[in-house]
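What follows is each chain in one-letter form.
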Amino acid sequence: MLFSPYTIRDVTFKNRIVMSPMCMYACDGEDGTVHNWHLVHYATRAVGQVGLIIVEATAVTPQGRISVRDLGIWDDNHIDGLRTLTTLVHEQGAKIGIQLAHAGRKATVSGEIIAPSPIPFDETMRTPKEMTKEDIEETIHAFQQGARRAKEAGFDVIEIHAAHGYLINEFLSPLTNKRTDEYGGENRYRFLSEIIEAVKEVWNGPLFVRISAHDYHPDGLTVKDYVEYAKQMKAQGVDLIDVSSGAVVPAKIDAYPGYQVPFAETIRREANVPTGAVGLITSGLQAEEILRNGRADLIFIGRELLRNPYWPKTASSELGISLEAPKPYVRGW
Ligand code: FNR
């Protein structure tokens, strides 16, 4: 199944292998524009026969950057570089998505940082400003403008980053959202809900949301809560939930091969929505097991694709499948 195509809306990925979004902190200056590094890095994985490449967390506002070297999509000036990137990746036969992100209280840029509640991540980080209604509206609008620019730049997929303790995740979790207005308490999902709605006004292609399905804290969220959130996302037209975990609050995570796969499986089964599995998936057999046992629909590969851009080739050999070579490589594939 790993090498079978998968279609969402009118976009077909040639296989189930997805390059997981990974920040490169490789912008040349501080303006968030695409650099040669990004072109080489992503196009190489397209040559390596990845079906879908998801470009790293890309900031919808300058204030929402994890670092000043993050990619940005907060200005129309970003579109040209991103279009060069999508063109290059398309030429090599892969589809390309982009992860729209806001770092919230985990932003390390200078100036004010914002979050649902004024609680710092840990003692090394700054205390964020509690967002006003206006801040919330502006941020939702920034996600919408990011989606509009992603469309203009030629992306096939948009992934909303609602995981890893960044802004949207901070709204979802009771550990970080202490608001008493209509964005807190029972309504912690509202912020994400309004972002999805705003994005869908300008985007009708495949829409993914990445979540942290477990807070690893006694008072935090677990996969049970995310099954309910996933049902709402599905009802709003989200096509796939990319299931990661943690990083909302400092916590020790016992990471072992496939440790997040049970979350993807539970959400897929109980919310009846397609999922992506991610986290210490490193072999073709492991990926095939996940797909065949109906635990996820797509396999996201992170670090293994940093180590080996031709991982799909390695996985195909392991599964005894002959993978067609990129033409210039036919003599040595
Ligand atoms: C990441 N990860 C990550 N996740 C995300 O949603 N957006 C991002 O921009 C990043 N950035 C990032 C950078 C680097 C260098 C690493 C190693 C990781 C997490 C990544 O997508 C993936 O979920 C994890 O790495 C787990 O998968 P692997 O690496 O075990 O396959």
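Quantities reported herein were computed from a predicted structural model and do not represent experimental measurements.

Criteria and cut-off values
- Residues numbered from 1 in each chain as written.
- Predicted model: local features only at pLDDT ≥ 70, side-chain atom pairs only at ≥ 80, totals over all residues.
- Heavy atoms only, no water.
- Helix = DSSP H or I, 4+ residues; strand = E, 2+ residues; numbered from the N terminus.
- Rg over C-alpha atoms; globule rule 2.2 N^0.38 Å.
- Buried < 20%, exposed > 50% of the residue type's maximum accessible area, 1.4 Å probe, protein only.
- Contact = heavy atoms within 4.5 Å.
- Lys, Arg positive; Asp, Glu negative; His and termini not counted.
- Charge placed at Lys NZ, Arg CZ, Asp CG, Glu CD.
- Salt bridge = Lys/Arg side-chain N within 4 Å of Asp/Glu carboxyl O.
- UniProt positions renumbered as here; feature names shortened; annotations may be inferred.
- Near = heavy atom within 4 Å.
- Polar contact = N/O pair within 3.5 Å; in protein donor to acceptor, adjacent residues only side chain to side chain.
- Areas by Shrake-Rupley, 256 points an atom, 1.4 Å probe, with all protein chains shown as cover.
- Nonpolar A, V, L, I, M, F, W, Y, C, P; charged D, E, K, R; others polar.
- Axes fitted to C-alpha atoms, helices over the stretch in contact; angles between N-to-C directions.
- Parallel < 35°, antiparallel > 145°, perpendicular 65-115°, else oblique.
- Left-handed = near helix turned anticlockwise from the far one by under 90°.

Visitor: How should the overall build of the chain be read in this particular structure?
Guide: Scanning the chain from N- to C-terminus turns up ten helices and 13 strands. In terms of overall dimensions, the chain is globule-like: its C-alpha atoms have a radius of gyration of 19 Å, near the 20 Å expected for 333 residues. For the C-alpha atoms alone, the extent of the chain along its principal axes is close to 60 × 40 × 35 Å. Counting over 333 residues, the chain shows a buried share of 60%. For the chain, restricting intrachain contacts to residue pairs at least 6 apart in sequence, the fraction spanning at least 24 positions comes to 70%. Both charge centroids of the chain, one from 35 positive and one from 43 negative side chains, sit 6 Å from each other.

Visitor: Is there a simple way to explain the environment of Ile-195 in this structure?
Guide: Positionally, Ile-195 belongs in helix 5 (residues 190-202). Put simply, Ile-195 and Tyr-256 are 61 residues apart on the chain and 33 Å apart in space, counted from C-alpha to C-alpha. Beyond its immediate chain neighbours, meaning those up to four positions away, Ile-195 contacts Ile-140, Phe-143, Ile-160 and Ile-168.

Visitor: Can you walk me through the pattern of salt bridges in this structure?
Guide: For side chains of opposite charge, pairing can occur when their charged atoms come near one another. Scanning the entire structure with this criterion turns up 20 salt bridges. For Glu-152, the salt bridge identified is with Arg-148, shortest N-O distance 3.2 Å. A residue pair is termed a helical-turn pair when its members lie 3 or 4 positions apart in one helix, as Glu-152 and Arg-148 do in helix 3 (residues 133-152) at four residues. Judged by its relative accessible area of 39%, Glu-152 is partly exposed. We classify Arg-148 as partly exposed; its relative accessible area is 21%. Here Glu-288 ties to Arg-292 by a salt bridge, and the two come within 2.8 Å at their closest N and O atoms. One end of the pair, Glu-288, and the other, Arg-292, are both in helix 8 (residues 284-292), four residues apart, so they sit about a helical turn from each other. For Glu-288, a relative accessible area of 12% gives the class buried.

Visitor: Help me out: how do you make sense of the UniProt feature "domain: NADH:flavin oxidoreductase/NADH oxidase N-terminal" (unreviewed entry) in the chain in this one?
Guide: Under the local residue numbering, the UniProt record ascribes the feature "domain: NADH:flavin oxidoreductase/NADH oxidase N-terminal" (unreviewed entry) to residues 2-318. End C-alpha to end C-alpha, residues 2-318 measures 11 Å, and it is 34% helix and 17% strand.

Visitor: Mind showing me how you'd approach helix 8 here?
Guide: Owing to its 3.6 residues per turn, the α-helix aligns residues three or four sequence positions apart on the same side. When helix 8 is considered as a whole, its buried residues turn out to be Gly-284, Gln-286, Ala-287, Glu-288, Ile-290 and Leu-291. In this structure, the buried residues of helix 8 make contact with helix 7 (261-270), strand 12 (275-278), strand 13 (298-301) and helix 10 (311-318). With its phi angle positive at about 65 degrees, Gly-294 sits one or two positions after the end of helix 8.

Visitor: Explain the UniProt feature "binding site: FMN" (unreviewed entry) in the chain to me, please; I cannot follow it from the model alone.
Guide: What UniProt calls "binding site: FMN" (unreviewed entry) maps, in this numbering, to Ser-20, Pro-21, Met-22, Cys-23, Ala-57, Gln-99, Arg-210, Gly-302 and Arg-303. Note on Gln-99: relative accessible area 2%, which makes it buried. Apart from the residues within four sequence positions on either side, Gln-99 is in contact with Pro-21, Ile-54, Val-55, Glu-56, Ala-57, Thr-58, Glu-159, His-161 and Arg-210. Locating Arg-210 in the fold gives a position in strand 10 (residues 207-212). Given a relative accessible area of 4%, Arg-210 falls into the buried group.

Visitor: What's the story with the site of the ligand in this structure? I'm lost.
Guide: The environment of the ligand is made up of 15 residues, and the closest members are Ser-20, Pro-21, Gln-99, Leu-280 and Arg-303. Side-chain polar atom of Arg-210 to an oxygen atom of the ligand: 3.0 Å apart, as the coordinates give it. One nitrogen or oxygen atom from the main chain of Gly-302 is found 2.8 Å from an oxygen atom belonging to the ligand. Coverage of the ligand by the protein amounts to 81% of the 610 Å² it exposes when considered alone. Class assignment for the residues of the shell around the ligand results in seven nonpolar, six polar and two charged.

Visitor: How do you make sense of the packing of helix 1 (residues 36-47) against helix 2 (residues 79-91) when you look at a structure like this?
Guide: Each pair of packed helices gets described by two things: the angle between the helix axes and the distance between those axes. Contact geometry for helix 1 and helix 2: axes closest at 9 Å, N-to-C directions at 25 degrees. By the angle class used here, helix 1 and helix 2 are roughly parallel. The hand of the helix 1/helix 2 crossing is right-handed. Contacts between helix 1 and helix 2 pair His-38, Leu-39, Tyr-42, Ala-43 and Ala-46 from the former with Thr-84, Leu-85, Leu-88 and Val-89 from the latter.

Visitor: Which parts of the structure should I look at to understand the environment of Ile-136?
Guide: Mapped onto the elements of the fold, Ile-136 is located in helix 3. Contacts of Ile-136, omitting those with residues within four sequence positions, involve Met-131, Phe-171, Arg-179, Tyr-183 and Phe-191.

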